[in-house]
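Letter by letter, the chains look like this.
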Amino acid sequence: MWFKNLSVYRFTEDFTLTPAEFEEKLEQMPFRPCAAQQEMSFGWTAPLGRNSEQRVHTTNGFMMVCAKVEEKVLPAAVINEMVQEKIQEAEDRENRKLSKKERTAIKEEICFELLPRAFTFSRKTYAYIDPKNGWLIVDSPSAKKAEDLISNLRKCLGSLPVVPPITQEKPVAVMTRWLITQDTPGDITIEDECELRSPGDEGGIVRCKRHDLSLPEIKNHLDTGKQVIKLAINWADRIACIVDENLSIKRLKFLDLVQDQVADIETQDETEQFDADFSIMSLELSTFLPRLIELFGGEHKS
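The chain has the name Recombination-associated protein RdgC in an unreviewed UniProt entry, where Methylotuvimicrobium buryatense is given as its organism. What UniProt records for the chain under Function (unreviewed entry) is the sentence "May be involved in recombination." Its UniProt record gives the chain a comment under Subcellular location (unreviewed entry), which states: "Cytoplasm, Nucleoid".

Have a look at this one:
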């Protein structure tokens, strides 16, 4: 289980629940498939999937959870065609134009009839809590999906005092400085991707991929006032990722030095492999995240 994106949150108070207590809280909202007339279903499921019934998977004190959402899909083209046919039939029968309210009622009736036969799709979002160091990490590039997961955790726990971390220096300012000077801390290497934006609400955006970011053309953009809002970096030849202006991590990769550790561990089945991957990943991130915060001047304490 390797996370590919990180939405990072800081606990403002200690997380004190034991794994067993955490498990009990999540049992209030187990995942169940959509009922016949239900459009969407949300709940907690076992991170290990069918290999386990535990909704909290614990390794070395890190606690992983998995949120599952199932939604029904009604093709818009099919609905619109059926709605128009029904409206036409009603207008021909009554020899008048239907009101907006009547048209809406027909659409709702058709959706209600189709729901039991609708296609369903599901998605899972994983997250883990590091109680010792005070982190909540959600494997999602979308702030909305991360906030949805947190909101549902709060429903189960009563409260969840987490906030996005705020650093002393703005990531935009630091990453722009790195690119202008081509001077980074010793454990950070700039890679071949960035996104630049001009100041202002409607500022122009330049995206560079597979590009030498030390070339003069990049500096020209920076000299005109553009700032770095996304930057691909390599940390100590252990992690590669894209850092954005909100300290979200995208396209996270654990490099050979980390993967070699995984290869050295002998596992007997999927459960042991999941455990080994989670253990190495969480320990690696427990070192990387404080360093990331430090790169931007440390945490801003309110």
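A. Examining the sheet that holds strand 10 (residues 227-235) more closely. Read from one edge to the other, the open sheet built from 5 strands follows the order 9-8-10-11-12, with strand pairing classed as antiparallel. The two strands at the open ends of the sheet, each matched to only one other strand, are strand 9 (205-209) and strand 12 (249-254). When strand polarity is set aside, the average angle formed by the axes of neighbouring strands in this sheet is 20°. The strands touched by helix 5 (residues 171-181) within the sheet are strand 8 (188-197), strand 10 and strand 11 (239-244), with strand 10 carrying the most contacts at an inclination of about 70°.

B. Representation of the pairing of strand 5 (residues 119-130) in the model. Inspection of the sheet shows strand 4 (residues 62-73) paired to strand 5 by 11 bridges, in the antiparallel sense. Across the sheet, residue E70 finds its bridge partner in strand 5, namely S122. As judged from the 4 bridges shared by strand 5 and strand 6 (residues 135-138), these two strands associate in the antiparallel manner. Bridge pairing in strand 6 links Y128 to I137. What sits between the antiparallel neighbours strand 5 and strand 6 is a turn of 4 residues, in which G134 has the positive phi angle 80°.

C. Region of interest: a negative patch on the surface. The grouping of E81, E85, E89 and D92 at the surface amounts to a negative patch. With respect to the helices and strands, E85 occurs in helix 2 (residues 76-94).

D. Just the pattern of salt bridges, in detail. Applying the stated rule across the entire model yields 15 salt bridges. Here R177 ties to E169 by a salt bridge, and the two come within 3.3 Å at their closest N and O atoms. Among the residues examined, E169 registers a relative accessible area of 31% and is labelled partly exposed. The salt bridge involving E195 is made with R207; its shortest N-O contact spans 3.2 Å. Of this pair, E195 sits in strand 8 while R207 is found in strand 9, placing the two residues 12 residues apart along the sequence. Judged by its relative accessible area of 60%, R207 is exposed.

E. Local environment of the nonpolar core. Membership of the largest hydrophobic core comes to 49 residues, with the highest contact counts inside it found for W178, L179 and L231. Per element, the largest residue contribution to this core is 10 residues, and it comes from helix 8 (residues 270-295). If we skip the residues at most four places from it in the chain, L231 touches M175, W178, L179, I190, E193, C194, L213, C241, I242 and V243.

F. Structural context of the packing of aromatic side chains. For the structure on display, the rule yields 9 aromatic pairs. Taken together, a centroid distance of 5.3 Å and an interplanar angle of 50° make the contact between W235 and F288 tilted. Pair noted here: W235 is in strand 10 and F288 is in helix 8, with a separation of 53 residues, a long-range link. Accessibility assignment for this pair places W235 and F288 in one class, buried. Put simply, the rings of F3, F62, Y128 and F278 pair up and form one aromatic cluster.

G. Helix 4 (residues 143-157), seen in detail. For helix 4, with 15 residues, the first-to-last C-alpha span of 21 Å sits near the 21 Å given by 1.5 Å per residue. Listing the buried residues of helix 4 in full gives A146, L149, I150, N152, L153, C156 and L157. Buried residues in helix 4, looked at end-on, bunch into an arc of 165°, giving them a common side. In helix 4, the exposed residues that point more than 90 degrees away from the buried face are A143, K144 and K155. Within two residues after helix 4, G158 carries a phi angle of roughly 95°, on the positive side.

Scoring rules and cut-offs
Residues numbered from 1 in each chain as written. Predicted model: local features only at pLDDT ≥ 70, side-chain atom pairs only at ≥ 80, totals over all residues. Heavy atoms only, no water. UniProt positions renumbered as here; feature names shortened; annotations may be inferred. Pairing = 2+ DSSP bridges. Helix = DSSP H or I, 4+ residues; strand = E, 2+ residues; numbered from the N terminus. Axes fitted to C-alpha atoms, helices over the stretch in contact; angles between N-to-C directions. Contact = heavy atoms within 4.5 Å. Patch = residues over 30% accessible without salt bridge, like charges linked within 9 Å, V, L, I, M, F, W, Y side chains within 5 Å. Areas by Shrake-Rupley, 256 points an atom, 1.4 Å probe, with all protein chains shown as cover. Salt bridge = Lys/Arg side-chain N within 4 Å of Asp/Glu carboxyl O. Lys, Arg positive; Asp, Glu negative; His and termini not counted. Charge placed at Lys NZ, Arg CZ, Asp CG, Glu CD. Buried < 20%, exposed > 50% of the residue type's maximum accessible area, 1.4 Å probe, protein only. Core = buried A, V, L, I, M, F, W, Y, C linked by side-chain atoms within 4.5 Å. Phe/Tyr/Trp six-rings, centres within 6.5 Å; stacked < 30°, edge-to-face > 60°. Expected span 1.5 Å × (residues − 1). Arc of directions from axis to C-beta.

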